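Coordinate inspection notes
For reference, the chains in residue letters:
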Number of protein chains: 2
Amino acid sequence: MNIITGGVTAPKGFQAAGIHCGIKDNFTTPQPDKKDLAMILSSVPCAAAGTYTRNVVKADPVILTKEHLADHQARGIIFDSGNANACAPKGRENAQRMAQAAAAATGLRPQDFAVCSTGIIGVELNIQAIEKGVPSLVAALADTPQASLDAAHAILTTDLKVKEIAVTVELGGKTVTIGAIAKGSGMIHPNMGTMLCGITTDCAIDGALLQDMLRQVVTKTFNRITVDGDTSTNDTCVVLANGLAGNPAITGPGEDYDIFFAALRHVCEYEAKMIASDGEGAGRLITCTVMGAETEEQAEQMAKAVVRSPLVKCAVFGTDANWGRVLCAIGYSGAQFDPKDVEVKFLSRAGELLVCAGGQGVAFDEALAKRVLSEDEVVIQVTLTSGSATCSCWGCDLTYDYVKINGDYRS
Amino acid sequence: MNIITGGVTAPKGFQAAGIHCGIKDNFTTPQPDKKDLAMILSSVPCAAAGTYTRNVVKADPVILTKEHLADHQARGIIFDSGNANACAPKGRENAQRMAQAAAAATGLRPQDFAVCSTGIIGVELNIQAIEKGVPSLVAALADTPQASLDAAHAILTTDLKVKEIAVTVELGGKTVTIGAIAKGSGMIHPNMGTMLCGITTDCAIDGALLQDMLRQVVTKTFNRITVDGDTSTNDTCVVLANGLAGNPAITGPGEDYDIFFAALRHVCEYEAKMIASDGEGAGRLITCTVMGAETEEQAEQMAKAVVRSPLVKCAVFGTDANWGRVLCAIGYSGAQFDPKDVEVKFLSRAGELLVCAGGQGVAFDEALAKRVLSEDEVVIQVTLTSGSATCSCWGCDLTYDYVKINGDYRS
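Below or above, wherever it landed, is the structure these notes cover.

Reading the values: the criteria
Residues numbered from 1 in each chain as written. Chains lettered and ligands numbered in written order. Predicted model: local features only at pLDDT ≥ 70, side-chain atom pairs only at ≥ 80, totals over all residues. Heavy atoms only, no water. Least-squares fit on C-alpha atoms with pLDDT ≥ 70 in both. Contact = heavy atoms within 4.5 Å. Disulfide = S-S within 2.5 Å. Buried area = accessible area lost by both parts, 1.4 Å probe. Salt bridge = Lys/Arg side-chain N within 4 Å of Asp/Glu carboxyl O. Polar contact = N/O pair within 3.5 Å; in protein donor to acceptor, adjacent residues only side chain to side chain. Helix = DSSP H or I, 4+ residues; strand = E, 2+ residues; numbered from the N terminus. Pairing = 2+ DSSP bridges.

What connects the two chain copies is a rotation about an axis and a shift along it. If you rotate chain B by 180° and push it 0.0 Å along the axis, it lands on chain A with an RMSD of 0.0 Å. Given the turn and translation reported, the copies of this chain are related as if by a two-fold rotation axis. Among all residues of chain B, the one whose C-alpha sits closest to the rotation axis is B:Y400, at a distance of 2.7 Å. Interface overlap between copies: 100% of the residues of chain B at the interface are likewise at the interface in chain A, consistent with a symmetric, same-surface contact.

So, on to the state of the cysteines. Across all of its chains, the model carries 0 disulfides over all chains by this definition. Sulfur of A:C87: no disulfide; nearest cysteine sulfur belongs to B:C356 and is 6.5 Å away. Here B:C393 is not cross-linked by a disulfide; its sulfur's nearest cysteine counterpart is in B:C391, at 4.2 Å.

For the rest of this paragraph, the subject is the interface of chain B and chain A. At the interface, 54 residues of chain B touch 54 residues of chain A. Taken together, the two surfaces of chain B and chain A that pack against each other cover about 4400 Å², and 59% of this comes from carbon and sulfur. Summed over the shared surface of chain B and chain A, the result is 0 salt bridges. The tally of links from chain B across to chain A stands at 6 residue pairs in polar contact (both at pLDDT 80 or more). Going through the elements one at a time, α8 (310-317), α9 (323-331), β13 (360-361) and α11 (400-407) of chain B are the ones with two or more residues in the side of chain B that touches chain A.

This part covers the sheet that holds strand β11 (residues 343-348) of chain A. Residues and elements named next belong to chain A. Spatially, the 6 strands line up as an open sheet ordered β13-β12-β11-β14-β10-β15, and their pairing is mixed. Where the open sheet ends on each side, the last strands, each with one partner, are β13 (360-361) and β15 (389-396). Pairing analysis gives 5 bridges linking β11 to strand β12 (residues 351-357), with the strands arranged antiparallel. Residue pairing for β12: S348 is matched across the bridge by G351.

In structure tokens form, the structure reads like this:
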């Protein structure tokens, strides 16, 4: 697998665009420089798959997209940022009008489009701004790296960084490419926290198989990140596969399946970690790796509790090697284990620090602890002696800026 | 039921004391004014009951107290604050030495004492300071309101307020008194978040019955508060009932049982709300009341998710009537319901504000919203149309001070 530049336009036959149409002008000062409308489009029909929030309160675009992708076929994705169109007046109608606007401007059918929205909940979508913007959006479609970057920018809300990646693999002598853009920030938690991810690939693959594969991959990637434990109304991850790479179509298990699975997992894990490290107000990416567990489920339960704990998150913000909070978090995670078996280490580029062995504190160098925890990426490694299963989950520290951003998001 | 002044010394036959012995000098600058050692003692044997953290990682004092109270008998409680004696070297030995010191100074047996510790995890307890302090502690024992207040102060860590209450009820023509002191602050979450509570009563009641009653009461009170979703290693609630009120002993169901149950629930609910409103960095008490639910369990699941949500907590801090986050939280709570049935109101002394009806936003007065949310106590009322069950849970807002306090607790 090679990592290449470019995002969703890297695979053959995909165009993208991102523009400003004025949705955010609904609830904040006009920001003409801020893109808020994006599209991804394939030149030919695609096998399509999606995973969606498990929140009982689902935004209308989520429900509509699920319907549109039920036949595992689509051509494109239209995104808006600034308004989630969730619990909002005319939610269903406006989600449909977004798909209709995309269809009218591209000469396709509404059901060829996935619709993804993110932003404020409960406010009526400014559909006029979107309908007015879509022709310009379609006119801006291009297969360049810049076009992918524009789309990646246009889907952000309180995110600070674009989240773009592309990789290639060889399948049956052909180069197959996967590209992705994503957005995250607040309300991020396992089970598709508030995140949107659009993935493109020129791989030839059966649609139902792609759906099954995506579900598995999301479970091991996006569902293992947390920013604040809140799961949103709008989470959506969509894959479009147009087959233009010319590889022998993947229709079942085998070597090609495994290679493509690993590549898709890499893409999703990269985007998931980008989302975690760019969580609202985040200063540091926290990885918790639990090793030596009896089962992967047990390891995941414990690792998730650690990256979700507000006290652990505050301690990392304060570069405080307060491992007692790590023990506390695995203790209430719901996983069963013997506390006397637990070893805890903090690791980063600055070094490695053993803080707890046999379930008890060990003396450590406080100055080294500060150095280890001051890095951008900090790993909390929990080792048990129950088995050989391992799992990593990702989160971020809890900072003053998180409180600031979320104390007054609507104004 | 009457609410009276005084705390754990209000019931007949109980003494209390709180002094400084130097435990906190372990990890911070000496604070001779800060009390850190407390005792509650009955002049006669008591029926005793306890509930404890469900964290897999239990501090040694918790394990020891559970053993000491297994026979439903005790005489007193010894507390330290500043060191939790959890995951700490010589944890078991030092918890035992605390009980032994209490026993030696009072002429009782170690197993007559519950041992409660709170504070830093993973650091060896300064047992010498405790052993040196206990004779002065016992010498300070008194049955005055001030003595209860001293004990209430001595068990605090990052708490800002003492949490003391006493009530009386009439049982069989006798006045029965219940008193309590508690501490909370960080790491507070359902299932006995980091909290200690010592309850005294002169009621005559069977020990096994008292244990069963306490378990039920804690489920409906302390287990319905959350500060940060973290459940600690040390949570303990102990009741001592010495029978000196002379009421006909409660040995089973009946009117006296019901009256005493209601009084005990009132005491625990009061302490629980005090803990929530004094959560680390808290500016406001948030009550979420879910009404019209099919079952109390469903209502509790939803109310807990709301008061636990960092996004809701930040919104209340920012006096932002962001009801979308309330819908989002009940949506991922695990409870099943029809989003179209949901009504949400914000209430406080400043007024009442309908923000969502039929699962959708309704126009509201932003100025009134600011006023309603600026009060010390804010109620988020969620009304369903599924049934008649109701539940309230309590929490607090998420503030800059929470991050500050927890970013550097150890130093």
